[in-house]
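Architecture and fold: a report
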Amino acid sequence: MMFTSINPTTEACIERVAAFDSARIEQALAAARGASVLWAETPLAERTRLLVSVAERLRTQKETLATLITTEMGKLRTEALAEIDKCAWVCDYYAEHAEGMLADELIDTDAARSLVAYQPFGVWLAIMPWNFPFWQVFRCAAPALAAGNPVLLKHASNVPGCALAIERLFREAGAPDGLFQTLLIAGNQAEALVSDARIRGVSLTGSEAAGRRVAAAAGASIKPSILELGGSDAFVVLADADVEQAATVAAKARFLNGGQSCIAAKRFILVPEIADTFVAAFKAAAEALIPGDPMQPETTLPPLARSDLRDQLHAQVQASLAKGARLVSGGAPLERLGWFYAATVLDQCAPGMPAYHEELFGPVAAIIRARDETDALRLANDSDFGLGGSVWSQDRARGEAFARRMQCGCAFVNDMVKSDPRLPFGGIKHSGYGRELGLLGIRGFCNAKTLCVQ
Ligand code: NDP
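Parameters at a glance
- Residues numbered from 1 in each chain as written.
- Predicted model: local features only at pLDDT ≥ 70, side-chain atom pairs only at ≥ 80, totals over all residues.
- Heavy atoms only, no water.
- Helix = DSSP H or I, 4+ residues; strand = E, 2+ residues; numbered from the N terminus.
- Buried < 20%, exposed > 50% of the residue type's maximum accessible area, 1.4 Å probe, protein only.
- Lys, Arg positive; Asp, Glu negative; His and termini not counted.
- Salt bridge = Lys/Arg side-chain N within 4 Å of Asp/Glu carboxyl O.
- Polar contact = N/O pair within 3.5 Å; in protein donor to acceptor, adjacent residues only side chain to side chain.
- Contact = heavy atoms within 4.5 Å.
- Core = buried A, V, L, I, M, F, W, Y, C linked by side-chain atoms within 4.5 Å.
- Domains from an automatic or database assignment.
- Axes fitted to C-alpha atoms, helices over the stretch in contact; angles between N-to-C directions.
- Parallel < 35°, antiparallel > 145°, perpendicular 65-115°, else oblique.
- Left-handed = near helix turned anticlockwise from the far one by under 90°.
- Pairing = 2+ DSSP bridges.
- Nonpolar A, V, L, I, M, F, W, Y, C, P; charged D, E, K, R; others polar.
- pLDDT = per-residue confidence, 0-100.

Observations regarding the side chain of Lys223
Checked against the element boundaries, Lys223 lands in the loop between helix H8 (208–220) and strand S9 (225–228). Buried charge without a partner: Lys223 forms no salt bridge, and the closest opposite charge is Asp196, 6.2 Å away. In this structure the side chain of Lys223 is engaged in a polar contact, spanning 2.6 Å, whose partner is the backbone oxygen of Asp196. Among all residues touching Lys223, those that are not within four sequence positions of it are Val194, Ser195, Asp196, Ala197, Ile199, Arg200 and Ala218.

Structure below.
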């Protein structure tokens, strides 16, 4: 089997890489197991030095790595550069804070001494998607490695170049053999690997379907799993919001990364007082986007990463229109080379339509009109997903009260949902479980061991 990188802008093949055979997979597992013994005993200062060294390499190789991302999955080069910076940040963040986060926690009991010690589990299998092909990996690997665990990366099949480049970065930074390895294997092979005794935990970012399968495999083997799955985040605009600002940020929150982000705003829930003003401003912002070569700085609408994903998105748009959604803008693939889709705005989205219930992983916005603020909250929570949510009000206390009642893992008032190394990140309901980033993000990769001395 071969993995093929195709440039989504030109549809040209960039590279073909051979998949691992069973002997090569076995070799990687054995090396990871060996590294787990060594790395658990490695002083924390040495582990964090590796992260600092990786961060330095990310910064010095930023231009080349960003170009690789853009050619392999199509995102705007400006966004790819920012992605590399953010990876360096998360490495530096855990390098600086791991010591405090992993320090023994003394607890007073009847024992002479009792505490919680944060110890590594062993090898983690990281199954990652293509949409942020560096960030998704580093957000998992930086805390996992700092906590003393090796990482085996099964990256998405359409980004083998990024997968190999990340492995190379760790090697160049001085990672011991087997500590960070890329496995060039298919999804079903990764699922089968979960039961291997040398794998001690699995972290997956991707679709609900893949999450269900991997979580079932982890459950069958009684292993911890962390799932960061899709989302259909609500972006709620209340009557007292700064509507112009909300619409500007809404367009950024929807169209960033060509709309291919789990925490992109996807359902825009509007109360009657501001609905028409918001839709007009949002439509103007969507229509101002410039499709084109994502390497060029003037381009603001990149292609989608794969043609099948574009087909799926278009089918969701067509089915929503057939069920009564109103087309405000866009609504079709662009007639040009590359997997481009028009920036699309659908109004009057309602229950029964894919745009209301499903994740729209591309540049398509679903407008849902609420009767009032109470109805807006009901609509925001009327989703199987629960990743992020955003609410807009010039009364911060009112916004916060609304945000607290949103059923999601990360709620923002007067801002778009963003991940930040300092804050825990993750979802509820079908968006998954477990938390990445922040203190909880590193603790998820640890055995919190109770230790009592009498
Ligand atoms: P997938 O969930 O199929 O891919 C994500 C990762 O999971 C890839 O590495 C993939 O490998 C792997 N995978 C797939 N099936 C299995 C399996 N049975 N066992 C183990 N690993 C598996 O997502 P797609 O790329 O196909 O995108 C489909 C939809 O998923 C999107 O439209 C979007 O809705 C959602 N998605 C959400 C993301 C997020 O950030 N939460 C990111 C990407 C997608 P391989 O590529 O080899 O199949």
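Some points on the nonpolar core
Within soluble globular proteins, side chains that are nonpolar tend to cluster in buried spots. If you look at the biggest cluster of nonpolar residues, it comprises 70 residues, and the most contacted ones within it are Leu58, Tyr94, Phe134, Phe138 and Phe170. Examining the composition of this core, we find that 13 residues originate from one element, helix H4 (residues 77–102), more than from any other. When we break this core down by domain, the ones giving at least three residues each are domain 1 (2–229 + 431–453) and domain 2 (233–413). For Phe134, the residues in contact, after removing those within four places along its chain, are Leu58, Leu65, Ile69, Glu83, Ile84, Cys87, Cys162, Ala165, Ile166 and Leu169.

Let's talk about the packing of helix H9 (residues 243–255) against helix H10 (residues 272–287)
Following both chains from N to C, one finds H9 and H10 inclined at 45 degrees, their axes separated by 9 Å at the closest point. Between H9 and H10, the crossing angle belongs to the class labelled oblique. In terms of crossing hand, the pair formed by H9 and H10 is right-handed. Every residue of H10 that contacts H9 at Val243, Glu244, Ala246, Ala247, Ala250, Ala251, Arg254 and Phe255 is listed here: Ile274, Thr277, Phe278, Ala281, Phe282, Ala285 and Ala286.

Focus on the sheet that holds strand S8 (residues 199–205)
Pairing in this open sheet of six strands is mixed, and the strands run S7-S6-S5-S8-S9-S19 from one edge to the other. Among the strands making up the open sheet, the edge pair consists of strand S7 (180–182) and strand S19 (432–433). Here strand S5 (residues 123–127) pairs with S8 via five bridges, running parallel. Among the inter-strand pairings, Ala126 is bridged to a residue of S8, identified as Ser203.

A few points about the sheet that holds strand S11 (residues 265–270)
Taken in spatial order, the seven strands of this open sheet run S12-S13-S14-S11-S10-S16-S17, and their pairing is mixed. The strands lining the two open edges of the sheet, one partner per strand, are strand S12 (326–329) and strand S17 (410–413). Neighbouring strand axes in the sheet, compared pairwise and without regard to direction, differ in orientation by 20 degrees on average. Strand direction decides the pairing type here: strand S13 (residues 344–347) and strand S14 (residues 364–369), joined by three bridges, are parallel. Residue pairing in the sheet places Leu346 in a bridge with Ala366 of S14. Strand contacts of H9: strand S10 (233–237), S11, S13, S14 and strand S16 (388–392), with the helix running at about 155 degrees to S11, the strand carrying the most contacts. The strands touched by helix H14 (residues 396–404) within the sheet are S10, S16 and S17, with S17 carrying the most contacts at an inclination of about 165 degrees.

Observations concerning the domain arrangement of the chain
By the assigned domains, the chain splits into domain 1 (2–229 + 431–453) and domain 2 (233–413). Computed from C-alpha coordinates alone, the two centres of domain 1 and domain 2 are separated by 30 Å. With 22 residues of domain 1 at the contact, the number on the domain 2 side is 26 residues. Inspection of the region where domain 1 meets domain 2 yields nine residue pairs in polar contact (both at pLDDT 80 or more). Looking at the side of domain 1 that touches domain 2, the elements with two or more residues in it are helix H3 (62–73) and H4. Here the side of domain 1 that touches domain 2 takes three residues from H3, the largest share from any one element. Grouping the constituent residues of the side of domain 1 that touches domain 2 by class yields seven nonpolar, eight polar and seven charged.

Digging into the side chain of Arg267
With respect to the helices and strands, the residue Arg267 is situated in strand S11. Buried Arg267, no salt bridge; nearest opposite-charge side chain is Asp382, N-O distance 6.6 Å. The contacts of Arg267, once residues within four sequence positions are left out, are Ser232, Asp233, Ala234, Phe235, Ala355, Tyr356, Ala366, Ile368, Leu379, Ala380, Asp382 and Ser383.

Focus: unusual backbone geometry
Of note in the backbone geometry, Gln348 takes a positive phi value of approximately 60 degrees without being a glycine. With respect to the secondary-structure elements, Gln348 resides in the loop between S13 and helix H12 (354–357). Backbone geometry places Lys429, a non-glycine residue, at a positive phi of 50 degrees. When you line up the elements, Lys429 lands in strand S18 (residues 428–429). According to the relative accessible area criterion, Lys429 is partly exposed, its value standing at 34%.

Notes on the confidence of the model for the chain
Chain-level pLDDT for the chain is 98 on average; 100% of the residues reach the 70-or-more range. Reported confidence for the predicted complex is 0.98 by ipTM and 0.98 by pTM.

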